[in-house]
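Chains, contacts and geometry: an overview
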Amino acid sequence: MTKHAYIPRTTNYTLNPGDELNDLRMSDQVRPLYDHVKKFIRDTVEPMSIEFAKAGEGKQDRWSFTPKQLEVLEKAKNKAKQEGLWNFFLPDDETGQGLKNLDYAYIAAELGKSPLASETMNCSAPDTGNMEVLERVGTKEQKEKWLKPLLNGEIRSAYVMTEPNVASSDAKNISTTAKLVGDEWVINGEKYYISGLGDPRCKILIVMVKTNPDAAPSKQQSQILVPRDTPGVEVLGPMYVFGQDHAPRGHMHMRFNNVRVPKENMLLGEGRGFEISQLRLGPGRIHHCMRTIGKAEKALDLMVQRGLTREAFGKKIAHLGGNMQIIAQARCEIEAMRLMVLKAAKAMDVLGNKEARVWVSMVKAMVPERACKIIDQAIQMHGATGISHWTPLAEMYQDVRHLRFADGPDEVHWMVVGRHELSMA
């Protein structure tokens, strides 16, 4: 039998104690901010959330907020702003907190534990990604008109990419068109699952369109700013997620019917839509994963609490069957996910968003899948109550399960990781 020497491949994953990528500590100067955020969620956001929910009971229009809801939310937002708990996600220290992605990862995990925490501190998707795009590539006029009110939390926005009739995880397939007629772009096409478009506060859309089908594949797409109230913007109705419409924010089905906007509404330049999408989706993808760590942690907390407070067959539920192992494995999975997300965030800080793409794809493929499993196990341990409105678990499951499609399906991210691995053969 012939023996062959094993020659290890040269990869960039090798554990090196001196590698900056392996220092995953939060910055010392950010620790007080992190503690402040946790206290603010506990003392302000959680009580406000209960008041917010009660204020919306019995409203006639599902696609609206009651005046009382907006009042309690704005009060909490103003308090957050006054206390300096605002726009954490932006690395620029003039418009945001100037945090590194690694530092924000710790904070975002706390935001993920409370449904209204992100909005209260102006860190909600899709606004986060849209603000980052406008800050990076917007003109002075675009920033004044749209970025400024978004940074102030005065309006909401939507990112309009996904289409029902093509596999739009491949941006080259986008079929919505924009044609320059005189000094205006004329937009026609159909989109769906446009998150946040149902929100009455949504005022601006960033729309992915095809402007030049004859250009190179990565130069065919552009992104254009479209005010929500532009004639021809038609909302056909909500798309449901596991039977829920998520009113009043919703994920909408819409059409552009000869929608005309000034040519100055183009972002960065014609044919640079794919470039913008990479700039936008890198941070957006990891922000989702950061918050999902918090959701998984909350699910485990609920699982443990239920397991220790309910009895069946003469034992605490936590001690029945394989539940002890399920709890232990959930803790291991959360810690593994946390370290992966922290390292992906650090890679963005050290290597830049483009070079860190493979790390972001790793966590985007892994985290929602594993978090879904933990939430599902927490549901199971709660019995029928777990799928009811008496716990947040069913809503958490819907949210995290849909992340396996949002910002690219699992398969796309596994492809990115696998392709990178093969390139080092």
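Model, not experiment: these values are computed from the prediction.

Calculation rules
Residues numbered from 1 in each chain as written. Predicted model: local features only at pLDDT ≥ 70, side-chain atom pairs only at ≥ 80, totals over all residues. Heavy atoms only, no water. Helix = DSSP H or I, 4+ residues; strand = E, 2+ residues; numbered from the N terminus. Rg over C-alpha atoms; globule rule 2.2 N^0.38 Å. Areas by Shrake-Rupley, 256 points an atom, 1.4 Å probe, with all protein chains shown as cover. Lys, Arg positive; Asp, Glu negative; His and termini not counted. Charge placed at Lys NZ, Arg CZ, Asp CG, Glu CD. Buried < 20%, exposed > 50% of the residue type's maximum accessible area, 1.4 Å probe, protein only. Polar contact = N/O pair within 3.5 Å; in protein donor to acceptor, adjacent residues only side chain to side chain. Contact = heavy atoms within 4.5 Å. UniProt positions renumbered as here; feature names shortened; annotations may be inferred. Domains from an automatic or database assignment. Buried area = accessible area lost by both parts, 1.4 Å probe. Salt bridge = Lys/Arg side-chain N within 4 Å of Asp/Glu carboxyl O. Nonpolar A, V, L, I, M, F, W, Y, C, P; charged D, E, K, R; others polar. Axes fitted to C-alpha atoms, helices over the stretch in contact; angles between N-to-C directions. Parallel < 35°, antiparallel > 145°, perpendicular 65-115°, else oblique. Left-handed = near helix turned anticlockwise from the far one by under 90°.

**Topic: the overall build of the protein chain**
Helix and strand counts for the protein chain stand at 11 helices and 9 strands. Here the C-alpha radius of gyration of the protein chain, 23 Å, is about what a compact globule of 425 residues would show, namely 22 Å. Counting every atom, the protein chain has about 20800 Å² of accessible surface; 53% of that belongs to carbon and sulfur. In the protein chain, which carries 57 positive and 53 negative side-chain charges, the distance between the mean positions of the two groups comes to 3 Å.

**Some remarks on the side chain of K77**
Checked against the element boundaries, K77 lands in helix α2 (residues 67-82). Classification of K77 by relative accessible area gives buried; the value is 5%. A distance of 2.7 Å separates a polar side-chain atom of K77 from the backbone oxygen of G153. Beyond its immediate sequence surroundings of up to four residues, K77 is in contact with W86, E119, T120 and G153.

**Some remarks on the UniProt feature "domain: Acyl-CoA oxidase/dehydrogenase middle" (unreviewed entry) in the protein chain**
When the UniProt feature table is mapped onto this chain, "domain: Acyl-CoA oxidase/dehydrogenase middle" (unreviewed entry) is found at residues 158-258. End-to-end, the C-alpha atoms of residues 158-258 are 19 Å apart, and along that stretch the chain is 0% helix and 50% strand.

**Things to note about the domain arrangement of the protein chain**
Domain assignment breaks the protein chain into domain 1 (22-125), domain 2 (156-267) and domain 3 (274-424). The straight-line distance from the C-alpha centre of domain 2 to that of domain 3 is 29 Å. Residue-level contacts link 12 residues of domain 2 with 9 residues of domain 3. At the boundary of domain 2 with domain 3, total buried surface from both sides reaches about 1000 Å², with 70% on carbon and sulfur atoms. Here domain 2 is connected to domain 3 by 0 salt bridges. At the junction of domain 2 with domain 3, the criterion picks out 1 residue pair in polar contact (both at pLDDT 80 or more). Of the residues in the side of domain 2 that touches domain 3, the class split is 6 nonpolar, 6 polar and no charged.

**Remarks on the packing of helix α9 (residues 357-382) against helix α11 (residues 410-423)**
Between α9 and α11, the least distance of the axes is 8 Å, while the angle of their chain directions is 140°. Taken together, the axes of α9 and α11 are oblique relative to one another. In this structure, the crossing between α9 and α11 has a hand that is left-handed. Contact residues: R357, V358, S361, M362, K364, A365, M366 and E369 in α9; D410, H413, W414, V416, V417, R419 and H420 in α11.

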